[in-house]
Number of protein chains: 2
Amino acid sequence: MNSIVSMLRERGIQPTPQRMAVAEFIFGIKSHLSADQVLEQVRSKCPTISRATVYNTLNLLVEKKLLKAQVLKEGTVVFDSNVQQHHHFIDEETGEIYDIPWEALRVTGEKSLRNFRVRELQVILRGKRIKK
Amino acid sequence: MNSIVSMLRERGIQPTPQRMAVAEFIFGIKSHLSADQVLEQVRSKCPTISRATVYNTLNLLVEKKLLKAQVLKEGTVVFDSNVQQHHHFIDEETGEIYDIPWEALRVTGEKSLRNFRVRELQVILRGKRIKK
DNA sequence: TCTATATTTAGACATTGTCAAACATTTTTC
DNA sequence: GAAAAATGTTTGACAATGTCTAAATATAGA
Ligand SMILES: [Mn+2]
Ligand SMILES: [Mn+2]
Ligand SMILES: [Zn+2]
Ligand SMILES: [Zn+2]
């Protein structure tokens, strides 16, 4: 029935009301939000939740590979519900972060970096998003 | 004579003692240091310099294109005296950041991102550096 | 129910970064 | 050249992000 409950249980996470509020919110959006932005939104559903619980829950979801923490903005980590490999474009005027599908770009040459074992990579692009 | 003095003057930066201490230090190293790491080192030459002045000076050097601020670590910007285009490898165990020459990798496909005007890009690789 | 374990919470703390006001220097006026 | 004004620089105080601890609550198992 509730797929988020089973998603959490499969990873051994007890679905408390606070964790459900955070998970339902973060898995229901596509954007890249900071912990405090998540707190602000979740408080409307669950007004008594504490800052520490939001940080704890987000970090737990990252540890269990249901979320990815991305270092894309100055000053704060953002949490990404897209855990597949992909790239990011950052609008330098607005700070908005856009997902770029993995297949849209091709990176070559990393196999010949003899001194580095590469576990993952991504391209970070910066510029201006063109108004449609 | 003093090449850092003229470097600053060429960009219209008054070479105050505090700015000289920061500039001489940051242009004398290659690594990717945070503002507070710079402060700690510069204090040995110039013990009374304030944290705000170090931040101001580093940000001024970024504005004048003598340094580049890079978002590579959680929690802090790092300052890069290598202002040429290049990529970065981050050792996930040590946190150490390594420069990857621009020519070592090739990225293709960004021209076909029709909704984005790309001003710059870099590849960020994570993994383990192999002990030589 | 009773007990052990797990979770939440508020607040203290550490670190990173910004800002308005104090201070210093340069330029203008007389 | 001295005084005043404008401009430039530095700084301590403050804000924002994130972690930690210990006490209170909630949950699960016997
Ligand atoms: Mn974290
Ligand atoms: Mn900055
Ligand atoms: Zn993403
Ligand atoms: Zn670099």
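Since the model is a prediction, treat every value here as computed from it, not as a measurement. (Residues numbered from 1 in each chain as written. Chains lettered and ligands numbered in written order. Predicted model: local features only at pLDDT ≥ 70, side-chain atom pairs only at ≥ 80, totals over all residues. Heavy atoms only, no water.)

(A) Region of interest: the protein's contact with DNA strand D. Around DNA strand D sit 19 residues in total, of which R51(A), T16(B), Q18(B), R19(B) and A52(B) are the nearest. Sugar plus phosphate, as a fraction of atoms of DNA strand D within 4 Å of the protein: 67%. In the environment of DNA strand D, a phosphate oxygen lies 2.9 Å from a nitrogen or oxygen atom belonging to the backbone of V77(A). Elements that contribute at least two residues to the surface near DNA strand D include exactly α4 (51-63) and β2 (76-80) of chain A together with α2 (17-26) and α4 (51-63) of chain B. Ranked by the residues each element gives to the surface near DNA strand D, the list is headed by α4(A), at four residues. Among the residues forming the surface near DNA strand D, the class breakdown is five nonpolar, 11 polar and three charged. (Near = heavy atom within 4 Å. Polar contact = N/O pair within 3.5 Å; in protein donor to acceptor, adjacent residues only side chain to side chain. Helix = DSSP H or I, 4+ residues; strand = E, 2+ residues; numbered from the N terminus. Nonpolar A, V, L, I, M, F, W, Y, C, P; charged D, E, K, R; others polar.)

(B) Here's a closer look at unusual backbone geometry. One non-glycine residue, K65(A), lies in the positive phi region at around 65 degrees. Positionally, K65(A) belongs in the loop between α4 and β1 (68-73).

(C) View of the relation of the copies chain B and chain A. Once chain B is rotated about the relating axis by 179 degrees and shifted along it by 0.1 Å, it coincides with chain A to within an RMSD of 0.2 Å. Both chain copies can therefore be described as sitting about a two-fold axis. Comparing interface residues between copies, 97% of those in chain B also sit at the interface in chain A, which points to an isologous, same-surface contact. (Least-squares fit on C-alpha atoms with pLDDT ≥ 70 in both. Contact = heavy atoms within 4.5 Å.)

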